[in-house]
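# Coordinates in review
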Amino acid sequence: MTTTDAPGKPLLRALSGEAVWPPPMWLMRQAGRYLPEYREIRAQAGGFIKLCTTPEMAAEVTLQPIRRYGMDGAILFSDILMVPWAMGQPLRFAEGEGPQLEPLRDLAAVNALEVGAVRERAAPILETVRRVRAALEAQHPKTALIGFAGSPFTVACYMVEGHGSRDFATTRQMAFSDPALFGKLIRILVEATTEYLLAQAEAGAEALMLFDSWAGLLPPAQFRRWVIEPTATIVRSLKRLHPSIPIIGFPRLAGPLIGEYTLRTGVNTVAMDTSMDPRFAASAVAATVGLQGNLDPLALIAGGDAMEAEARQILAAMRGRPFVFNLGHGIEKVTPPEHVAQLVRIVRAGL
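Everything quoted here is computed from the prediction, not taken from an experiment.

### Here's the deal with the nonpolar core
- M87, M209, F325 and L343 are the most contacted members of the largest nonpolar core, which totals 130 residues.
- Broken down by element, this core gets its largest block of residues, 14 residues, from helix α11 (residues 179-203).

### Concerning the sheet that holds strand β4 (residues 144-150)
- Read from one edge to the other, the open sheet built from seven strands follows the order β1-β4-β5-β6-β7-β8-β9, with strand pairing classed as parallel. Strands at the two margins of the open sheet, each flanked by one partner only, are β1 (73-75) and β9 (323-327). Geometrically, the sheet is characterised by an average inter-axis angle of 25° between neighbouring strands, direction not taken into account.
- Alignment of β1 against β4, held across three bridges, turns out to be parallel. Residue pairing in the sheet places A74 in a bridge with L145 of β4.

### Let's talk about the UniProt feature "site: Transition state stabilizer" (unreviewed entry) in the protein
- Those residues carrying the UniProt feature "site: Transition state stabilizer" (unreviewed entry) are D79 in this numbering.
- With respect to the helices, strands and loops of the structure, D79 is situated in the loop between β1 and α5 (82-86).
- For D79, a relative accessible area of 19% corresponds to the buried category.
- Among all residues touching D79, those that are not within four sequence positions of it are F48, C52, F93 and F148.
- A distance of 2.9 Å separates the side chain of D79 from the backbone nitrogen of L81, its partner in a polar contact.

### Thoughts on helix α2 (residues 36-45)
- Listed as buried for α2 are Y38, I41 and A45. The buried residues of α2 occupy an angular sector of 65° when the element is viewed end-on, so they sit on one face. Among the exposed residues of α2, those oriented more than 90 degrees off its buried face are E40, A43 and Q44.
- Residues of α2 that are buried in the fold lie against α3 (48-52) and α4 (55-69).
- Immediately downstream of α2, the backbone of G46 shows phi near 90°, a positive value.

### Let's talk about the UniProt feature "binding site: substrate" (unreviewed entry) in the protein
- Under the UniProt annotation, "binding site: substrate" (unreviewed entry) lies at R29, Q30, A31, G32, R33, D79, Y158, S213 and H329. In sequence the annotated residues extend across 301 residues, and in space they extend as well, their farthest C-alpha pair lying 22.8 Å apart.
- Inspection of the secondary structure assignment puts Q30 in the loop between α1 (10-15) and α2.
- Aside from chain neighbours lying at most four places away, what touches Q30 is L35, P65, I66, M71, G73, A74, I75 and I331.
- At 2.9 Å, the side chain of Q30 forms a polar contact with the backbone nitrogen of L27.
- With respect to the helices and strands, the residue S213 is situated in the loop between β5 (207-212) and α12 (220-241).
- Its relative accessible area of 16% is what places S213 among the buried residues.
- In this structure, S213 is in contact with T154, F250 and R252, ignoring residues within four places of it in sequence.

### Quick notes on the environment of H339
- Structurally, the position occupied by H339 is in helix α17 (residues 337-349).
- In this structure the C-alpha to C-alpha distance between H339 and G303, which are 36 residues apart in sequence, comes to 5.4 Å.
- If we ignore the near neighbours within four places in the chain, the residues touching H339 are L300, I301, A302, G303 and M307.
- Among the polar contacts made by the side chain of H339, one reaches the main-chain carbonyl oxygen of I301 at a distance of 2.9 Å.

### Notes on the environment of G204
- Along the chain, the position of G204 falls in the loop between α11 and β5.
- Along the backbone, G204 and R133 are 71 residues apart, and their C-alpha atoms lie at a distance of 6.0 Å.
- For G204, the residues in contact, after removing those within four places along its chain, are V129, R133 and L145.

Cut-off values and rules
Residues numbered from 1 in each chain as written. Predicted model: local features only at pLDDT ≥ 70, side-chain atom pairs only at ≥ 80, totals over all residues. Heavy atoms only, no water. Core = buried A, V, L, I, M, F, W, Y, C linked by side-chain atoms within 4.5 Å. Buried < 20%, exposed > 50% of the residue type's maximum accessible area, 1.4 Å probe, protein only. Helix = DSSP H or I, 4+ residues; strand = E, 2+ residues; numbered from the N terminus. Pairing = 2+ DSSP bridges. Axes fitted to C-alpha atoms, helices over the stretch in contact; angles between N-to-C directions. UniProt positions renumbered as here; feature names shortened; annotations may be inferred. Contact = heavy atoms within 4.5 Å. Polar contact = N/O pair within 3.5 Å; in protein donor to acceptor, adjacent residues only side chain to side chain. Arc of directions from axis to C-beta.

Printed below as a string of structure tokens:
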């Protein structure tokens, strides 16, 4: 069966290796600042961490794009830095500056991280998962709930640097000059991330995604050591306890290493970033493994004929294999909501 009339949730079928057509779709950061209804809730919350850890509000913003667009996937509204926050690293979100953490630069700081506290401190987030799953089952039974976490390397970038960066030079230098220290941090993150994702699955997440937004900063040997190996360890642990849960990996800017990443990590689906040629990805990744992506968010801002042409090219390259339509990066805050509605119509129509 290759139509969405078949039983089951279209997104889960595609993530499990079925060539569903028209393809299921959801968009990274689909719940966020481009939606007026999100901005209203955000203003009520007062702070971003407060929003992420108030189940009633976080569940509401997770569901907003499902109500508006009928997406096939609802991704938990949260942030990849909630794992270091749950381990006790001070975190705040400064308006206009992005996340700010107390930089982690030595063994004492690494040893102070509390892996065992992750489940307890993340309890409000897990309650959000339960609320969203219940709401979806009651009101949107064809929509699947996606839980997520940042991959260890990308999360380590923020933990070491203390903030966002174009190149995360301090983190990359630590990986070269003190691999023992950096390796210990990565191992702690593997353990904490695994525990966090297991808890999301137990709370009701039906698929899980690992975001490695800064993977492409690393040369091949370092990519294999700090991106592929930790991700593979997490996937093996998750699959041991939840063998049927599909896992999406997003090694942003992996380039020609996308095939090796997919093969060695064991993810069910790999997300393509904006720079990836879908035809190359289709040739580099086994036909039984799903692909996800990869419309440029700027094309979504443009809308109209330009966006439709880009979307149709991606659809043409992906037809006949497991595929989930998405962006190659997150929605920008200036995106007109009506352009998202236009994109949904295009994808639903197929080719």
